[in-house]
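The residues making up each chain are set out below.
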Amino acid sequence: MAANGINGAASVYRPLKAGIYAPIPSFFFPSSEDLDIPSFEAHVARVAAAGVAPVIAGSMGEATHLSHAERVKLIHAGRKALDNAGYSDLPTIVGTGAGSTRETIELGNEAAAAGADYAIVIASGYFAGALTRAALKTFFVDVAQKCPIPVIIYNCEWAFTISSLVVHFALDPGASGGIDLDSDLIVELAEECPNIVGVKLTCGNVGKLTRIAEAVTDPTWASKYPRKSPHSQFTVLGGFADFLVPSSFVNGHGAITGLANVAPYTISKVHQLSQEARKDLSSLPEAQRLQGIIARADYTIAKASISGTKFLLEKLHGYGGVPRKPLPPIDSAAAEALWAHPHTQELIAVERKLSGKSV
């Protein structure tokens with residue numbers, strides 16, 4: 001039974017609010033690569049204390065390395081961690097994108113049955129070259145119509161290449177195969193699919209975010225294109241933390257960002273100040289100052305991808321470990337350089353101050 005109370009499921013409804021969401025890593029015991037549920041639960045509760053809700057079994061969570069049964073375990077563990085820590089109002093978002101429409105729908109049904117509140121869906125990139133605009137639209141329409149819980153579109157076009165001159169990076173380099181949904185298609189899906197309630201833009205395209213937000217926050221839009229749940233809005237979220245301030249001023253709603261695993265208090269503070277600055281510009285200078293710190297750190301840390309984030313969590317909190325094979329751990333020299341980098345240390349200093357903790 002779905003926990004969200006949508007489509008006639010259970011009575012609990014947890015809205016998808018404007019704010020910050022963290023794609024939670026999946027942690028593994030080093031000897032067996034089995035799920036480390038205690039570390040996962042501890043981390044969900046840690047970021048929730050900063051007001052950050054979890055995204056489970058997404059790119060950062062190594063969804064492609066997880067079985068269906070393991071995804072269900074993590075959904076149960078995430079909900080348990082939130083409830084036990086007193087954050088029963090925070091929703092869980094679960095990655096359900098897969099190679100086929102059929103499996104994506106199957107994962108959506110399993111996530112709903114396990115108590116997930118929302119499904120976040122990326123287009124399969126395995127046959128990216130053959131997926132026309134019409135095929136992509138059909139994929140999201142089919143999934144939205146058959147998913148028992150509300151759906152968030154996940155747009156991630158990044159590819160991963162390394163050379164002596166250039167590094168392009170992504171947390172899920174193969175998942176989307178370079179597919180980049182344009183703003184017209186995303187708005188069409190929002191208008192035609194009442195069970196789609198948001199989008200995550202890891203493409204990092206501020207212009208695209210602006211166009212989508214402008215459309216869905218128009219005063220007449222919600223009445224013309226109501227969501228399946230009368231309580232829902234269409235939420236436009238960035239996929240990085242480095243443009244929170246500008247996105248707030250064009251009616252963006254926040255971000256799902258991997259950096260929130262490392263600095264949940266800092267990123268939440270920037271979002272708060274940005275929203276306040278829309279009404280009172282006296283908050284803007286501090287928002288801009290913190291945005292600069294976050295933007296520099298996001299650029300530096302994101303290049304280290306999943307293994308880098310896990311290393312930083314191990315350094316800060318004593319858990320993190322390494323990814324499942326074949327994804328390699330961060331090189332030891334690169335890890336120490338990441339920790340010592342001025343951008344990383346500047347962010348950690350601010351996070352410690354805002355959280356009131358030494359780590």
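No experiment lies behind these values; they were computed from the predicted model shown.

Q: Just give me the short version of the overall build of the protein, but keep the residues and values in it.
A: Looking only at helices and strands, the protein has 13 helices and 10 strands in total. In terms of C-alpha radius of gyration, the protein reaches 19 Å, essentially the compact-globule figure of 21 Å for 359 residues. Along the first, second and third principal axes, the C-alpha set of the protein runs to 50 × 50 × 45 Å. Looking at the protein as a whole, 54% of its 359 residues are labelled buried. For the protein, the proportion of contacts with a sequence separation of at least 24, taken over those separated by at least 6, is 72%. Of the roughly 14600 Å² of accessible surface on the protein, a fraction of 57% belongs to carbon and sulfur atoms. With 30 positive and 33 negative side-chain charges, the protein shows a separation of 3 Å between the mean positions of the two kinds.

Q: Outline a nonpolar patch on the surface, listing residues and values.
A: On the surface, Tyr-126, Phe-127 and Leu-131 cluster together into a nonpolar patch covering about 380 Å² of accessible area. The exposure class assigned to Phe-127 is exposed, which follows from its relative accessible area of 57%.

Q: Tell me what's going on with the packing of aromatic side chains, and back it up with residues and numbers.
A: Inspection of every chain in the model, using the stated rule, returns 5 aromatic pairs. Summarising the aromatic geometry, the rings of Phe-27 and Tyr-319 are spaced 5.4 Å apart at their centres and angled 75° between planes, so their arrangement reads as edge-to-face. One end of the pair, Phe-27, is in the loop between strand 1 (19–23) and helix 1 (37–48); the other, Tyr-319, is in the loop between helix 11 (305–317) and helix 12 (332–340), and 292 residues separate them in sequence. Look at Phe-27 and you get buried, because its relative accessible area is 2%. The class of Tyr-319 is buried, set by a relative accessible area of 8%. Arranged with centres 4.9 Å apart and planes meeting at 75°, the rings of Tyr-126 and Phe-127 form a pair that is edge-to-face. Assessed through its relative accessible area of 70%, Tyr-126 is described here as exposed. Through pairs of rings, three or more aromatic residues link up here, namely Trp-221, Tyr-225 and Phe-234.

Q: Please set out the packing of helix 1 against helix 2 (residues 68–84) residue by residue, giving values where relevant.
A: At a minimum axis distance of 9 Å, the contact between helix 1 and helix 2 shows a crossing angle of 45°. Taken as axis vectors, helix 1 and helix 2 run oblique relative to one another. Every pair of crossing elements has a handedness; the one defined by helix 1 and helix 2 is right-handed. Contacts from Ile-37, Phe-40, Glu-41, Val-44, Ala-45 and Ala-48 in helix 1 reach Leu-74, Ala-77, Gly-78, Lys-80, Ala-81 and Leu-82 in helix 2. In terms of residue class, the contact of helix 1 with helix 2 is built from 9 nonpolar, 1 polar and 2 charged.

Q: Could you give an account of the pairing of strand 2 (residues 53–56), with specific residues and numbers?
A: The side chains of a regular strand alternate between both faces of the sheet. Of the two faces of strand 2, the one carrying Ala-53 and Val-55 and the one carrying Pro-54 and Ile-56 are both buried. Read from strand 1 through helix 1 to strand 2, the crossover connection turns out right-handed. Summarising the sheet, strand 2 and strand 3 (residues 93–95) pair through 2 bridges and their orientation is parallel. What sits directly across from Val-55, in strand 3, is Ile-93.

Q: Quick one: what's the story with helix 12, residue by residue and with numbers?
A: Every α-helix winds through 3.6 residues per turn, so residues three or four apart in the chain are directed the same way. Among all positions in helix 12, only Ala-335, Leu-338 and Trp-339 are buried. All buried residues of helix 12 fall inside an arc of 95° around its axis, so they share one side. Every exposed residue of helix 12 that faces more than 90 degrees away from the buried side is listed here: Ala-333 and Ala-340. Summarising the contacts, the buried residues of helix 12 are in contact with helix 10 (284–302), helix 11 and helix 13 (342–355). Among the residues of helix 12, the N-terminal cap falls to Asp-331, whose side-chain oxygen and the backbone nitrogen of Ala-333 are separated by 3.0 Å.

Q: So what's going on with the confidence of the model for the protein? Residues and values would help.
A: Of all residues in the protein, 91% attain a pLDDT of 70 or more, and the chain-wide mean is 91. The low-confidence segment residues 5–10, where pLDDT is below 50, has 19 contacts with residues more than four positions distant or belonging to other chains. The model gives residues 159–174 a pLDDT under 50, and that stretch makes 26 contacts with residues more than four places away or in other chains.

Q: Lay out the nonpolar core in plain terms, naming residues and giving numbers.
A: Counting 110 residues, the largest nonpolar core has Ile-212, Phe-234 and Val-236 as its most contacted members. Here this core takes 8 residues from helix 10, the largest share from any one element. Residues in contact with Phe-234, not counting those within four places in the same chain, are Ala-190, Ile-196, Val-197, Gly-198, Val-199, Ile-212, Val-216, Trp-221, Arg-227 and His-253.

About the cut-offs
- One numbering rule holds for all chains: residues counted from 1, following each sequence as written.
- Only residues with pLDDT of at least 70 are given local features in this predicted model, and only at 80 or more are side-chain atom pairs given and counted; all residues enter the totals for whole chains, interfaces and linings.
- The side-chain values count all of the structure's non-hydrogen atoms but skip hydrogen atoms and water molecules.
- Every helix listed is a DSSP run of H or I at least four residues long, and every strand listed is a run of E at least two residues long, numbered separately from the N terminus.
- For this measure, only C-alpha atoms enter the radius of gyration; the expected value for a globule follows 2.2 Å times N^0.38, where N is the number of residues.
- Burial status follows relative accessibility: with a 1.4 Å probe on protein chains alone, a residue under 20% of its type maximum counts as buried, one over 50% as exposed, and anything between as partly exposed.
- By the convention used here, residues are in contact when the closest approach between their heavy atoms is within 4.5 Å.
- Exposure was quantified through the Shrake-Rupley algorithm and a 1.4 Å probe, taking into account, for residues, occlusion by the shown protein chains and nothing else.
- Residues scored as charged are limited to Lys and Arg (positive) and Asp and Glu (negative), so that His and the chain ends carry no count.
- By convention, the charge on Lys lies at NZ, on Arg at CZ, on Asp at CG and on Glu at CD.
- Patch membership is restricted to residues that have no salt bridge and whose relative accessible area is over 30%. Joining uses 9 Å for like charges and 5 Å for the nonpolar side chains Val, Leu, Ile, Met, Phe, Trp and Tyr.
- Any Lys or Arg side-chain nitrogen found within 4 Å of a carboxyl oxygen on Asp or Glu counts as a salt bridge.
- Ring geometry is summarised as follows: Phe, Tyr and Trp rings, the Trp one being its six-membered ring, pair when their centres sit within 6.5 Å, and such pairs are stacked at plane angles under 30 degrees, edge-to-face over 60 and tilted between the two.
- To obtain each axis, a line is fitted to C-alpha atoms, and for helices this fit is confined to the stretch in contact; angles are then taken between N-to-C directions over 0 to 180 degrees.
- Working rule for angles: under 35 degrees goes down as roughly parallel, over 145 as roughly antiparallel, 65 to 115 as roughly perpendicular, anything else as oblique.
- For any pair of crossing helices, the crossing counts as left-handed if the nearer helix is rotated counterclockwise from the farther one by less than a right angle, and right-handed if it is rotated clockwise.
- Gly is placed with the polar residues, together with every amino acid not listed as nonpolar (Ala, Val, Leu, Ile, Met, Phe, Trp, Tyr, Cys and Pro) or charged (Asp, Glu, Lys and Arg).
- Orient the strands so they point away from the viewer, and a crossover whose first-strand-to-second-strand path over the helix runs clockwise is right-handed.
- Two strands qualify as a pair provided DSSP detects at least 2 bridges between them.
- Directions drawn from the helix axis to the C-beta atoms are what define this arc.
- The definition of a polar contact used here is a pair of N or O atoms within 3.5 Å, where within protein one atom must be able to donate a hydrogen and the other to accept one, and adjacent residues in sequence count solely through side-chain atom pairs.
- A residue's pLDDT is the predictor's confidence in that residue, given on a scale from 0 to 100.
- For this analysis, a nonpolar core means a set of buried residues of the types Ala, Val, Leu, Ile, Met, Phe, Trp, Tyr and Cys, connected via side-chain atoms within 4.5 Å.

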